[in-house]
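Structural features, examined
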Number of protein chains: 2
Amino acid sequence: MVLGPEPRPLPKVLLFGLVPVAAWFVIRPFIDPVPQVPALYTSIGLSLLAFLVTLYLIPALGPTFINSNLKGKDLLKTYSTPIPESQGLVCAAVYILSLILFIPFAFTTLSPPPNGKPSPEGISVLEFPHKQLSVYLSSIISLLIATFLGFLDDVFDIRWRHKLPIPIIASIPLLMVYYADRGNTNIVVPIPLRAVFGTLVNIGPLYYLYMLMLSTFSTNSINILAGINGSEASQALIIAVSVLLNDLLYLPWRLGFRFPLHLMGNTTEIEFGGVWGAGMAKGSHILVERHLFSFYFMLPLVAVIVAFLYHNWYPARVFPGDTFCYLTGMAFAVVGIQAHFSKTLLLFFIPQIFNFLLSAPQLFGVVPCPRHRVPRFDPETNLLHPSKAQFLKPPSKISTAILHIFAKLGLVELTRHSKDGSILEVTNLTILNFFLVHLGPMNEKRLNQVLMLSQTAGSVLAFVVRYGLAGLVYDGDRR
Amino acid sequence: MVLGPEPRPLPKVLLFGLVPVAAWFVIRPFIDPVPQVPALYTSIGLSLLAFLVTLYLIPALGPTFINSNLKGKDLLKTYSTPIPESQGLVCAAVYILSLILFIPFAFTTLSPPPNGKPSPEGISVLEFPHKQLSVYLSSIISLLIATFLGFLDDVFDIRWRHKLPIPIIASIPLLMVYYADRGNTNIVVPIPLRAVFGTLVNIGPLYYLYMLMLSTFSTNSINILAGINGSEASQALIIAVSVLLNDLLYLPWRLGFRFPLHLMGNTTEIEFGGVWGAGMAKGSHILVERHLFSFYFMLPLVAVIVAFLYHNWYPARVFPGDTFCYLTGMAFAVVGIQAHFSKTLLLFFIPQIFNFLLSAPQLFGVVPCPRHRVPRFDPETNLLHPSKAQFLKPPSKISTAILHIFAKLGLVELTRHSKDGSILEVTNLTILNFFLVHLGPMNEKRLNQVLMLSQTAGSVLAFVVRYGLAGLVYDGDRR
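So, here is what we can say about the structure in this document.

Calculation rules
Residues numbered from 1 in each chain as written. Chains lettered and ligands numbered in written order. Predicted model: local features only at pLDDT ≥ 70, side-chain atom pairs only at ≥ 80, totals over all residues. Heavy atoms only, no water. Helix = DSSP H or I, 4+ residues; strand = E, 2+ residues; numbered from the N terminus. Buried < 20%, exposed > 50% of the residue type's maximum accessible area, 1.4 Å probe, protein only. Contact = heavy atoms within 4.5 Å. Areas by Shrake-Rupley, 256 points an atom, 1.4 Å probe, with all protein chains shown as cover. Least-squares fit on C-alpha atoms with pLDDT ≥ 70 in both. Buried area = accessible area lost by both parts, 1.4 Å probe. Polar contact = N/O pair within 3.5 Å; in protein donor to acceptor, adjacent residues only side chain to side chain. Nonpolar A, V, L, I, M, F, W, Y, C, P; charged D, E, K, R; others polar. Pairing = 2+ DSSP bridges. Axes fitted to C-alpha atoms, helices over the stretch in contact; angles between N-to-C directions. Salt bridge = Lys/Arg side-chain N within 4 Å of Asp/Glu carboxyl O. Parallel < 35°, antiparallel > 145°, perpendicular 65-115°, else oblique. Left-handed = near helix turned anticlockwise from the far one by under 90°. Expected span 1.5 Å × (residues − 1). Disulfide = S-S within 2.5 Å.

**A word on the overall build of chain A**
Along its length, chain A carries 17 helices and eleven strands. When the 479 residues of chain A are sorted by exposure, 56% land in the buried category. Of the contacts formed within chain A by residues at least 6 apart in sequence, a portion of 73% connects residues at least 24 apart. Counting every atom, chain A has about 20,800 Å² of accessible surface; 67% of that belongs to carbon and sulfur.

The following block contains the structure:
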C-alpha cells in the first residue's frame, strides 16, 4: 500500500518571529500618538495571530477529525490514506473568534478625544456606533450559521438539491437586521435608463430577494468549483484579496498619488491621499466606514485561508469540506451586502459565473451528471484528463442542441456514435475540464495554478470594468 | 433481541388546531387596536410554531442522526436499540431561528405613533433601539456558539476536563458587547455592609469574571445532572418556567391585584396592574424592558423543551446530547446577565448547586469517578438502585474524612471492610443516587418525577427567598 504524505512541517522560525509582530499591532492603538485608524492596527495584529493559530491547529487537530469519521480519500492520488475532511471548521472557528475579539477595539473609543483634537477615525466615530455594531453582529451570526450548516452538511452528507437553501437560512439574520434597521432598498439606475426611471429606484422586497440570491450564488458557486487540491482555497483567497484591494482604494491614506485611470477609459483621474478625502471615498464618511467594515472582515479571512492553503496545497494534507465553502461564500456575501458593493463583488466572481453557466445543463438535469465531475486521474503518467459523462440513453433534442453549441464554442469535447453521429459521451461541464480540453492533460498542481491564473485575470478585468468602463453607465453616485 | 419502543405518535388534531392559533398571535400586532406590547403576541405565536416544528422534526430526523452515527444505547433498559443522540441540535436550530425571525417584530415600530396617542410598549420604544438590538444579537451569537460547541462535543466526544472552558468561549461575544457598550459593572451592596462599602461598588473586571463563572456554572451544572430519561429536559423546563414567572411579575398587566407578600416576610405588599407602573417594575422602563428581553428568550425555549420532552420522556425515544445542555445553560446565562437578575437566576439552580457540591469530590478526583455515574438498573425488577464507585486502593485520609461527613449527613452510603472498617465502596456522588439512597429503589420514570419535584420545590423556595427574605438585606435598589 502506498502511503500518503506526512503532515507538512511548520516553519517554526517564521512562526515565532511573527508573534511579537502581531502583538505590536494589537497594542499599537494604546501607544501615543494614537494612529489615524487605530482599529486597523488591531485588525492586522489579530489577523496575524489568526494566521498562526490556524497554521498550527490544522495539523494538530487532523487525527481528531479522522477518528470522528470526518475524513476522505483523495480521488486523484495513488495512495488511499485517509485525509482529514471539513477542516474549514478550524478556519471558521479561528476566523469568527478573531472577529468577536475585535469588537471592543472597533466599537470602543478608548478615551473621549480632547477638545479641539480630531478623534481617531475608524468605524468608531464620536457617538457610540450602535448601528454599526448591530450590523457587525448580524454578520457574525450569518457567518456562524453558514459554518454550522456547512458542518452539518459534512456530517450528514446532505444531497445537493437540499443544500441550495442553506445560504438562504444563513442570510436571514442579515436581512432581519437590514429590515429592522430600515435598510436602503434603492438601486442606482444606469445613466442611459435614467430618462425613464430617474436616478434612484426603490425596488423594495426585490432588494431582499437580490441579497438572498447573492449569498446563495457566492456560497454555492465556490462549492461547485471544487475537486482538486487547493481549488476552493485558491479561489477564495484571490477573491478575498481582490475585495481587500478594492477596500484599500477607499481608506484614508496619508500619502497622495494619482492613478492614470484615463488609460482604462475613465473620464477622470483617481486621486489618493489626505484624510477622509482619500481615494475613491471622496470625502464620504459613509464610504470609508463601509470599506473599513469590509476590510475588517476580509483581512482575517485572508489570514486563515493562507494558513489553510499551506496544508491544502498539492499534495493536500487536509480537505476543506463544505464548511470552508460556506464560510468563505457567506463572508463575501456579507461584505457585498453590508458594505454595498455587490455589483463590484460579482465582478470578482467571473470564473465562478462562467463555471456556473457551463455547469447549468448538468446541475438542472438536462445532461447526465455523475456523482463526481472531477477530472480523471491517470496513475501511470500522474496527469489529469477531462472526465466524461455518458449518455445511457440517446440525448434529448434540447441536450443535443445545447451540447452542439457548447462544442462549437470549444467548451466541451463530444464522443459520437460512429454510424448515426449521436452523442455518446461529453466531457463534464466544469471549468476544470474546460481547461484540460483546451490546454491538454496536466498534473493536478498545474491545473490549480491555471485556475488561479484565470481567477487573477478575472479580478484584473473586474477592476478595469469597475473603474474604467463603469464610468460609461454610472456616475459617482453610490448609495 | 428485545426491541425498543416505536417513535411516540404525534397528536395530530392538537397540532393542526394550534397552527391557526399561532398564526393569529403572529398577525395580532398588525390589527387595530394595536395591543399594549405588540411584540409579546408575536413572541407567543412564534413560540407556538417553534413547539410544533420541534415536535414534528425530532422524530422525522431521528433516522438521519442514527445514520450519521449520532446515536446511543439506553443504559437503563433491557433493549439495546440505538436511540438518536444530540437531538438538542433540533431544539437549538428551531429556537435560534425563531429568535432571529423575531428581530423585525421586536425592533421595528410598525408606524410612528400619532401625536397624543401613547406608543405601543415593548423593546421597541420611540427611538430605534440599536443598543438593545446589539445586546439581542450578541446573545444569539453566544447561543449559537454554545450550540455549535455542544454539537462538536457530541461529534468529537471531548473529555470533560477539556469541556469546562467551552461556556467561556461561548460567553465571549456577550462580554465583548457588554464591554463595548460600557456595561454596568456595579454591584448593589447588601444593607448590613453598606456602612463599609456604600450602596454600590464598582467591581470592574471582577464583574466579567463573575459573568464567565455564571455561564460556566449554568451550562455544566445541567450537563452533570443527567443520565436518566428526561432529566436534562425536565430541569431546564422548570428553570425556564421559573424565569418566565419571575419576568411576568415585571410586565405591564392591565388587571390590578395584590399579592400578600407580608406572609412571606416582606415588609411591603406587591401590587400588580396598570401600565409601566405594573408589578415589580414600579414604573421603571428599564426593568420592564429587561424582563421583556428575558421573556422573549424564555418563551420559545420553553416551547422547544416541551416538544423535546414529549419524545424524551420515559421510555425515551431520543437523547438530548451535550448540545441540549449547552443550549439551555447558555440561554439561562444570557438572560441572567443581560437582564441583570443573576442572583435570582442562581436561586432557581438550587438542586444543581446541591448536585455540584455533592459531586465535587468525584469531579476533582478526591474520590474515584467511574465513566458513568448513572444509577444501576436491575432488569429483573425494572428498578434503579444507587450505583457505586469502588476504591481500588485504600482511600486517602482526606477522602475518608469527606465521605464520613457525607455519610453522617445521609448523602451517601458506604460499604466498609468487615475487618479494619476502611471504605471499599461509596454510592456515586450525584443527587439521583442521593434520592435512591433515601427513598429506596424506584423505576426510572419515578426517579425523574422526584427530580422534577425537587426542582419545583427549589423554585418555590427561590421565590420565597427573592421576594421575602431578600427584603432583609436588599432594598428595592436594582442596577
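**A look at the relation of the copies chain B and chain A**
Mapping chain B onto chain A calls for a screw motion: a turn of 180° about the axis and a shift of 0.0 Å along it, with 0.0 Å RMSD after fitting. Between the two chains, the operation in question is that of a two-fold axis. Taking C-alpha positions as the reference, the residue of chain B nearest the rotation axis is Ser134 of chain B, at 2.4 Å.

**Some points on the interface of chain B and chain A**
If you look at the interface, chain B gives 39 residues, while chain A gives 39 residues. At the boundary of chain B with chain A, total buried surface from both sides reaches about 3,500 Å², with 84% on carbon and sulfur atoms. Where chain B meets chain A, there are zero residue pairs in polar contact (both at pLDDT 80 or more). Only helix 2 (38–67), helix 3 (88–101), helix 4 (103–107), helix 5 (130–156) and helix 7 (166–180) of chain B provide two or more residues apiece to the side of chain B that touches chain A. Ranked by the residues each element gives to the side of chain B that touches chain A, the list is headed by helix 5 of chain B, at 16 residues. Along the lines of polarity and charge, the residues of the side of chain B that touches chain A split into 28 nonpolar, eight polar and three charged.

**Comments concerning the sheet that holds strand 9 (residues 388–390) of chain B**
All names here are of chain B. If you walk across this open sheet you meet the three strands as 9-11-10, and the pairing is antiparallel. Because the sheet does not close on itself, it has two edges, and the strands there are strand 9 and strand 10 (414–416). Direction aside, the axes of adjacent strands within the sheet are offset by 20° on average. Sheet analysis places strand 10 next to strand 11 (residues 423–427), joined by three bridges and oriented antiparallel. In the strand pairing of strand 11, Arg416 is matched with Ile423.

**Things to note about the sheet that holds strand 9 (residues 388–390) of chain A**
Residues and elements named next belong to chain A. A sheet is described by the order of its strands in space; here three strands give the open sequence 9-11-10, paired in antiparallel fashion. Each edge of the sheet is formed by a strand with only one pairing partner; in this case those strands are strand 9 and strand 10 (414–416). Shown here is a sheet whose adjacent strand axes are inclined to one another by a mean of 20°, direction ignored.

**With respect to the pattern of salt bridges**
Using the criterion set out here, one finds four salt bridges over all chains in the structure. Residue Lys77 of chain A is joined to Glu444 of chain A by a salt bridge in which the shortest nitrogen-to-oxygen separation is 2.5 Å. Of this pair, Lys77 of chain A sits in the loop between strand 1 (71–72) and strand 2 (83–84) while Glu444 of chain A is found in helix 17 (residues 444–473), placing the two residues 367 residues apart along the sequence. Neither residue differs from the other here; Lys77 of chain A and Glu444 of chain A are each classed as buried. Here Asp74 of chain B makes a salt bridge to Lys77 of chain B, at a shortest N to O gap of 3.1 Å. Given a relative accessible area of 3%, Asp74 of chain B falls into the buried group. Three or more residues are tied together by salt bridges with common partners; here these are Asp74, Lys77 and Glu444 of chain A.

**Remarks on the packing of helix 7 of chain B against helix 12 (residues 321–338) of chain B**
All names here are of chain B. One way to put it is that helix 7 packs onto helix 12 with a least axis distance of 11 Å and a crossing angle of 25°. Taken as axis vectors, helix 7 and helix 12 run roughly parallel relative to one another. Where helix 7 crosses over helix 12, the handedness of that crossing is right-handed. Residues Ile166, Pro167, Ala170, Ser171, Leu174 and Tyr178 of helix 7 touch helix 12, and the partners they reach there are Tyr326, Met330, Val334, Ile337 and Gln338. Partitioning the contact of helix 7 with helix 12 into residue classes produces nine nonpolar, two polar and no charged.

**Side note on unusual backbone geometry**
Tyr314 of chain A connects to Pro315 of chain A through a cis peptide bond whose omega is -10°. Structurally, Pro315 of chain A is set in the loop between helix 11 (285–312) and helix 12 (321–338). The backbone of Asn382 of chain A sits at a positive phi, close to 65°, despite the residue not being glycine. Along the chain, Asn382 of chain A turns up in the loop between strand 7 (376–378) and strand 8 (383–385). Among the residues examined, Asn382 of chain A registers a relative accessible area of 33% and is labelled partly exposed. Of note, Ser86 of chain B is a non-glycine position whose phi angle comes to about 60°, a positive value.

**Let's talk about the packing of helix 9 (residues 205–224) of chain A against helix 12 of chain A**
All names here are of chain A. Packing of helix 9 against helix 12 leaves a shortest axis separation of 8 Å and a crossing angle of 145°. Between helix 9 and helix 12 lies a crossing of right-handed hand. Touching Met211, Leu214, Ser215, Ser218, Thr219, Asn220, Ile222 and Asn223 of helix 9 are Asp322, Cys325, Tyr326, Thr328, Gly329, Met330, Phe332, Ala333 and Ile337, all from helix 12. Tallied by class, residues from the contact of helix 9 with helix 12 come to nine nonpolar, seven polar and one charged.

**Focus on helix 9 of chain A**
Taking 1.5 Å of rise per residue, 20 residues should cover 28 Å, and helix 9 of chain A covers 29 Å from first to last C-alpha, within 8% of that figure. With 14 of its 20 residues buried, helix 9 of chain A lies for the most part within the structure.

**Digging into the side chain of Asp153 of chain B**
Residues and elements named next belong to chain B. For Asp153, the position within the fold is in helix 5. Here the side chain of Asp153 touches Tyr326 through a polar contact of 3.4 Å, side chain to side chain. Non-local contacts of Asp153, meaning those with residues more than four positions away in its chain, are made with Ile158, Lys163, Asp322 and Tyr326.

**So, the state of the cysteines**
Residue and element names in this part refer to chain A. Within this structure, the stated rule accounts for zero disulfides over all chains. With no disulfide of its own, Cys369 lies 16 Å from the sulfur of Cys325, the closest cysteine sulfur. We classify Cys369 as partly exposed; its relative accessible area is 39%.

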